[in-house]
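# Architecture at a glance
The residues making up each chain are set out below.
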Amino acid sequence: MFAETFIHAGGISQGHATEAHALQLIRRAFRRGHTVDATPEGGAVLTWTALRLVDGEAVEQGRSISLTPQTPAGPLTDAVRGHLLNLHASAAGLPARLDGRPVIRVGHQTIPPAATSHLYGHRLVTEEGGRVRLTLTARLALLSVLTTATPGDLAVIAETDGVEFPA
């Protein structure tokens, strides 16, 4: 869930957006050629200009939509980034238990219970169809901290539900 702040000609509107709605907004922004910037907390800022008729003249005015995750991603330490990238590379992890505590199995590796709790607690992963996947918050946070990420890497969100991270 995201808090949505829309700056438009009439002022500022605020509301909430589900992950699906936020993804739809990002896809639409890319289709229309707007600027999309990922934020470290796992959100996004979509910006563009609109022409408006003011006193008989066309005037460009800035517009934006800010998507702020309800639960920020928190600091992405090397260990957290490693777990998220491994989970992304494996296509999907499997929820499991180790000594009664939740863990995520990723290929032949297991994300330890404390790290698994951190990933779930910060809503960086979710279970869907018996698999564990990265949330949009996690993908956006990762893209914002990867120094080699380009706008094209973020644009992949607009095409698929996954994100191709730079090598």
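The structure displayed is predicted, hence computed values, not measured ones. (Residues numbered from 1 in each chain as written. Predicted model: local features only at pLDDT ≥ 70, side-chain atom pairs only at ≥ 80, totals over all residues. Heavy atoms only, no water.)

## Quick look at the pattern of salt bridges
Per the counting criterion, the structure on display carries three salt bridges. Here the residues in one salt-bridge network are Glu19, Glu128 and Arg133, joined through shared partners. (Salt bridge = Lys/Arg side-chain N within 4 Å of Asp/Glu carboxyl O.)

## So, the packing of helix H1 (residues 19–31) against helix H4 (residues 136–145)
Here H1 crosses H4 at 45°, and the two axes come no closer than 10 Å. On the basis of their axis angle, the class for H1 and H4 is oblique. Facing Glu19, Ala22, Leu23 and Ile26 of H1, the residues of H4 in contact are Leu136, Arg139 and Leu140. Looking at side-chain class alone, the contact of H1 with H4 contains five nonpolar, no polar and two charged residues. (Axes fitted to C-alpha atoms, helices over the stretch in contact; angles between N-to-C directions. Helix = DSSP H or I, 4+ residues; strand = E, 2+ residues; numbered from the N terminus. Parallel < 35°, antiparallel > 145°, perpendicular 65-115°, else oblique. Contact = heavy atoms within 4.5 Å. Nonpolar A, V, L, I, M, F, W, Y, C, P; charged D, E, K, R; others polar.)

## A closer look at the nonpolar core
Among the nonpolar cores identified, the biggest contains 17 residues, and Leu84, Ile104, Leu119, Leu124 and Val125 are the most heavily contacted of them. Mapped by element, the contributors of at least two residues to this core are helix H2 (78–89), strand E7 (101–106), helix H3 (113–121), strand E10 (131–134) and H4. (Core = buried A, V, L, I, M, F, W, Y, C linked by side-chain atoms within 4.5 Å. Buried < 20%, exposed > 50% of the residue type's maximum accessible area, 1.4 Å probe, protein only.)

## A closer look at the sheet that holds E7
As summarised here, the arrangement of the three strands in space is E6-E7-E8, forming an open sheet in which the pairing is antiparallel. Each having just a single partner strand, strand E6 (94–98) and strand E8 (109–111) make up the two edges of the open sheet. Recorded for the sheet is a direction-independent mean angle of 45° between the axes of neighbouring strands. For E6 and E7, the ladder comprises five bridges, and the chain directions are antiparallel. Across the sheet, residue Leu98 finds its bridge partner in E7, namely Arg101. (Pairing = 2+ DSSP bridges.)

## Let's talk about H3
All buried positions along H3 are accounted for by Pro113, Ala115, Thr116 and Leu119. Each buried residue of H3 sits inside an arc of 160° when the element is viewed along its axis, so together they form one side. Taken together, the buried residues of H3 touch H2, E7, E8 and strand E9 (125–128). Just beyond H3, the residue with positive phi is Arg123, at close to 55°. (Arc of directions from axis to C-beta.)

## A word on H1
Along its 13 residues, H1 runs 18 Å from first to last C-alpha, staying within 8% of the 18 Å computed at 1.5 Å per residue. If you check which residues of H1 are buried, you get Ala22, Leu23, Leu25, Ile26 and Ala29. Projected onto a plane normal to the axis of H1, the buried residues spread over an arc of 160° and lie on a single side. Among the exposed residues of H1, those pointing more than 90 degrees away from its buried face are Ala20 and Arg31. (Expected span 1.5 Å × (residues − 1).)

## Some words on the sheet that holds strand E4 (residues 44–54)
An order of E2-E1-E5-E4-E3 is seen for the five strands of this open sheet, with the pairing classed as antiparallel. Because the sheet does not close on itself, it has two edges, and the strands there are strand E2 (11–17) and strand E3 (35–38). The sheet shows a mean angle of 20° between the axes of neighbouring strands, taken without regard to direction. With six bridges connecting them, strand E1 (residues 2–8) and strand E5 (residues 57–69) associate as antiparallel partners. By the bridge assignment for E5, Phe2 is matched with Pro69. The strands that H4 touches are E1, E3, E4 and E5; relative to E3, the one it contacts most, it runs at about 90°.

## Topic: the side chain of Thr116
When you line up the elements, Thr116 lands in helix H3. Of the polar contacts made by the side chain of Thr116, one reaches the backbone oxygen of Ile111; its length is 3.1 Å. Contacts of Thr116, omitting those with residues within four sequence positions, involve Pro102, Val103, Ile104 and Ile111. (Polar contact = N/O pair within 3.5 Å; in protein donor to acceptor, adjacent residues only side chain to side chain.)

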